[in-house]
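Summary of the model geometry
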Amino acid sequence: MRHLTDTHAHTVASTHAYSTVEEYFRAASDKGLQLFSITDHGPEMPDSPHPWHFGNMRVLPRIRYGVAMLRGIEANILPADHHPLDVNHTLMSFMDFGIASFHEPVFPPSDRQTHTRAMIAAMETGLVQILGHPGNPNYPINIGEVVRAARDNNVLIEINNSSFVSSRLGSEPHCIEILETVKALDWKVALSSDSHVHYTIGEVDVALQKIDQIAFPESNIVTLNARRFIEFLGEHGKSVAQDLSEWLADLERPQVSEI
Ligand SMILES: [Zn+2]
Ligand SMILES: [Zn+2]
């Protein structure tokens, strides 16, 4: 199985990451990806870019070196006495999609019920399309309730490769249980690298091993190729689906040498 997209990556706009848009485009092209996304941190993280970073993304090219880049954000889930997320409709109107994640500097870890309610409230805003790294052991959740809410709100469950190799250590058993629950409830996942440097863009090899391990159906991996993910964003009324429709048709047209 070849996985041809990557929906989660940080650029130099988040200061704990080290690569530029151009470096990501080149690396994604060299690796044969069809599509990737930059998803820097939402405003509440200490290293977040100024909100203008997100509002000005229209100056970025959609396509370079045959690869499409989506304009994303990794929004922060907020504690209960706030709005559920640190983004609003105005900011999200500039974005192709949003990820919602728990991060320790923004949401102090609490108890299972608090985490579960906060995740569900974030998805119910309709502002995000992917639930980021939900296997973090610092944030136990009621997995069944979260996956059912994801399905009800057409939000993908992220299986984040970095959770197995470099971040949020101890995620693995939670990620496996989440994958098994998504499979049992016939829901869908997004696989991503959560790259903080361009060398790792598109690397989802450990996530794919887990997919194989539990015989998770390939049909429910929405990020498997560009068409699936772009059509999913179309279901959310995102104009990028329209913007990239011709590119997608060209991408899939057989080359002269193949006819
Ligand atoms: Zn994150
Ligand atoms: Zn991230």
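See the structure printed just above.
Below is a short write-up of the structure.

About the thresholds
- Residues numbered from 1 in each chain as written.
- Chains lettered and ligands numbered in written order.
- Predicted model: local features only at pLDDT ≥ 70, side-chain atom pairs only at ≥ 80, totals over all residues.
- Helix = DSSP H or I, 4+ residues; strand = E, 2+ residues; numbered from the N terminus.
- Rg over C-alpha atoms; globule rule 2.2 N^0.38 Å.
- Buried ≥ 20, exposed ≤ 12 C-beta atoms within 10 Å, placed from the backbone.
- Contact = placed C-beta atoms within 7 Å.
- Core = buried A, V, L, I, M, F, W, Y, C linked by C-beta atoms within 7 Å.
- Axes fitted to C-alpha atoms, helices over the stretch in contact; angles between N-to-C directions.
- Parallel < 35°, antiparallel > 145°, perpendicular 65-115°, else oblique.
- Pairing = 2+ DSSP bridges.
- Arc of directions from axis to C-beta.
- Left-handed = near helix turned anticlockwise from the far one by under 90°.
- Nonpolar A, V, L, I, M, F, W, Y, C, P; charged D, E, K, R; others polar.

Helices and strands together make up the secondary structure of the chain, namely 11 helices and 8 strands. Over its C-alpha atoms the chain spans a radius of gyration of 17 Å, differing by no more than 12% from the 18 Å that the globule rule assigns to 259 residues. Seen through its principal axes, the chain has C-alpha atoms that stretch 60 × 45 × 30 Å. Burial status across the chain gives 46% buried among its 259 residues. The contacts of the chain with a sequence gap of at least 6 include a subset with a gap of at least 24, amounting to 78%.

Turning our attention to the nonpolar core. Judged by nonpolar contacts, the single largest core of 69 residues is most densely connected at Phe36, Ile77, Leu85, Ala100, Met119, Met123 and Val128. Considering each element in turn, this core owes the most residues, 6 residues, to strand β4 (residues 67-76). Apart from the residues lying within four places of it in its own chain, the contact partners of isoleucine 77 are Pro84, Leu85, Ala100, Ser101, Phe102, Phe107, Ala118, Met119 and Ala122.

Right, let's get into the packing of helix α4 (residues 112-124) against helix α5 (residues 143-152). At their nearest, the axes of α4 and α5 sit 10 Å apart, and the two run at 5° to each other. Classed by the angle they form, the pair α4 and α5 counts as roughly parallel. Contact residues: Thr116, Met119, Ile120 and Met123 in α4; Glu145, Val146, Ala149 and Ala150 in α5.

Another aspect to go through is the pairing of β4. Sheet faces and side chains relate simply in a regular strand, where the side chains alternate between the two faces. Burial of β4 is extensive: 9 of the 10 residues sit out of reach of the surface. Pairing between strand β3 (residues 63-64) and β4: 2 bridges, direction antiparallel. Looking at the pairing, arginine 64 lines up with valine 67 of β4. Where β3 folds back onto β4 in an antiparallel hairpin, the turn is made up of 2 residues, including tyrosine 65, whose phi is positive at roughly 55°. Here 5 bridges tie β4 to strand β5 (residues 97-101), and the two strands are oriented parallel to one another. Within the sheet, the bridge partner assigned to isoleucine 73 lies in β5 and is glycine 98.

This part takes up α5. For an α-helix the count is 3.6 residues per turn, leaving residues at separations of three or four pointing the same way. When α5 is considered as a whole, its buried residues turn out to be Ile143, Val146, Val147, Ala149 and Ala150. Taken down its axis, α5 places every buried residue within 160° of arc, on the same side. Contacts made by the buried residues of α5 are with α4, β6 (130-131), β7 (156-160) and α7 (172-184).

This part covers the packing of α5 against α7. One way to put it is that α5 packs onto α7 with a least axis distance of 10 Å and a crossing angle of 50°. Regarding the angle of α5 to α7, the classification is oblique. Here the hand of the crossing between α5 and α7 comes out right-handed. Contacts between α5 and α7 pair Ile143, Gly144 and Val147 from the former with Glu177, Ile178, Thr181 and Val182 from the latter. In the contact of α5 with α7, the residues fall into 4 nonpolar, 2 polar and 1 charged.

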